[in-house]
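Structure assessment
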Amino acid sequence: MKKKIDWANVLTLAFTIAFLPPIWAVLSPYIGVTTGAVALICAGLYVAAGNDIKKAVAISLGFLCGDVWAVIAIKVQEMMNFNPDAELYLTLFVMGGLAVIIGSVFEKFIFVPAWLCGWAIGLTIMAPIGIGNIGTLPLQIGAAMLAGVWYVGAVGDIFQRFILKKCRKSK
């Protein structure tokens, strides 16, 4: 059985996604953030977590923990001096387990999936560069993460609901 599509919702969401994220993409380099696309990944997790503004702080803290976790992981790996595959496995094993345990203890404040996602984002961007060359990348990534949750995610949701309400009122 085919489900009926709520075209007003689809079209207002399409407009919101077409309108807001490109503003961030254009403006982010002007404020020193070269990792602007990270915002879309983080907004996606925010939406997948229910698009709930009440969860935005915990999701934000999770992403920022992941960003810090990536820097620590890269530093730890560069300090080790044995087989790179073993270093990678041990780092991911220990730090992944610790992230879940710490995040679970503080689950009111930290959304563990965001921590793990943020860690993966940070590793993907910073690991190939190495700890000595990351410069301001952790700050840029953190800014893009917060823009994803708050601007693309939360503001986007408010913006879409506002447009949807206006569209439905005009009928």
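Rules used in this analysis
Residues numbered from 1 in each chain as written. Predicted model: local features only at pLDDT ≥ 70, side-chain atom pairs only at ≥ 80, totals over all residues. Heavy atoms only, no water. Helix = DSSP H or I, 4+ residues; strand = E, 2+ residues; numbered from the N terminus. Buried < 20%, exposed > 50% of the residue type's maximum accessible area, 1.4 Å probe, protein only. Areas by Shrake-Rupley, 256 points an atom, 1.4 Å probe, with all protein chains shown as cover. Lys, Arg positive; Asp, Glu negative; His and termini not counted. Charge placed at Lys NZ, Arg CZ, Asp CG, Glu CD. Contact = heavy atoms within 4.5 Å. Phe/Tyr/Trp six-rings, centres within 6.5 Å; stacked < 30°, edge-to-face > 60°. pLDDT = per-residue confidence, 0-100. Patch = residues over 30% accessible without salt bridge, like charges linked within 9 Å, V, L, I, M, F, W, Y side chains within 5 Å. Salt bridge = Lys/Arg side-chain N within 4 Å of Asp/Glu carboxyl O. Core = buried A, V, L, I, M, F, W, Y, C linked by side-chain atoms within 4.5 Å. UniProt positions renumbered as here; feature names shortened; annotations may be inferred.

Helix and strand counts for the chain come out as six helices and zero strands. Reading the chain from its N terminus to its C terminus gives the helix and strand order α-α-α-α-α-α. When its C-alpha atoms are laid out on the principal axes, the chain stretches across 70 × 35 × 30 Å. Within the chain, buried positions represent 39% of all 171 residues. Surface exposure of the chain reaches about 10,200 Å², of which carbon and sulfur atoms provide 72%. Positive and negative charge centroids in the chain, built from 13 and 8 side chains respectively, lie 23 Å apart.

You can see Ser60 is positioned in helix H3 (residues 56–79). Not counting residues within four places of it along the chain, the set of residues in contact with Ser60 comprises Leu146, Val149 and Trp150.

Moving on: the packing of aromatic side chains. Enumeration according to the criterion identifies five aromatic pairs in this entry. Aromatic pair Phe19 and Phe159: ring centres 5.6 Å apart, planes at 20°, arrangement stacked. Of this pair, Phe19 sits in helix H1 (residues 7–27) while Phe159 is found in helix H6 (residues 137–169), placing the two residues 140 residues apart along the sequence. Judged by relative accessible area, Phe159 falls into the partly exposed class, the value being 23%.

Moving on: the confidence of the model for the chain. The predicted model of the chain has a mean per-residue pLDDT of 94, with 99% of residues at 70 or higher. Taken element by element, the chain is modelled with least confidence in H1, mean pLDDT 92, and with most confidence in helix H5 (residues 112–126), mean pLDDT 98.

Okay, a nonpolar patch on the surface next. A contiguous nonpolar surface patch, about 840 Å² in accessible area, is contributed by Ile53, Val57, Leu61, Ile101, Val105, Phe106, Phe109, Leu146 and Trp150. Broken down by secondary-structure element, the contributors of at least two residues to the nonpolar patch are H3, helix H4 (84–105) and H6. Its location among the elements puts Phe109 in the loop between H4 and H5.

Bringing the nonpolar core into the picture now. Counting residues in each nonpolar core, the largest one holds 32 residues, and the members touching the most others are Val38, Ile59, Phe63, Trp119, Met126 and Met145. Within the residue set of this core, elements represented by two or more residues are helix H2 (38–48), H3, H4, H5 and H6. Excluding residues that lie within four positions of it along the chain, Met126 makes contacts with Asp67, Ala70, Val71, Ile74, Ile134, Leu137, Pro138 and Ile141.

Once that is clear, we can look at the environment of Ile163. In this structure, Ile163 sits in helix H6. When its relative accessible area of 17% is taken as the criterion, Ile163 is described as buried. The residues touching Ile163, leaving out its near neighbours within four places in the chain, are Thr12 and Phe15.

Turning our attention to the UniProt feature "transmembrane region" (unreviewed entry) in the chain. Listed under "transmembrane region" (unreviewed entry) in the UniProt record, and renumbered for this structure, are residues 7–24, 30–49, 56–76, 88–106, 113–131 and 137–159. Helix makes up 55% of residues 30–49 and strand 0%, whereas the separation of the span's terminal C-alpha atoms amounts to 30 Å. Between the end C-alpha atoms of residues 56–76 there is a gap of 30 Å, over a span that is 100% helix and 0% strand.

Another point: the pattern of salt bridges. Inspection of every chain in the model, using the stated rule, returns two salt bridges. For Asp6, the salt bridge is made with Arg168, and the minimal N-O distance between the two is 2.7 Å. Of this pair, Asp6 sits in the segment before H1 while Arg168 sits in helix H6, and the two are 162 residues apart along the sequence. Among the residues examined, Asp6 registers a relative accessible area of 38% and is labelled partly exposed. With a shortest N-O distance of 3.1 Å, Arg161 and Asp157 are connected by a salt bridge. In this pair, Arg161 and Asp157 are both assigned in helix H6, four residues apart and thus about one turn of the helix distant.

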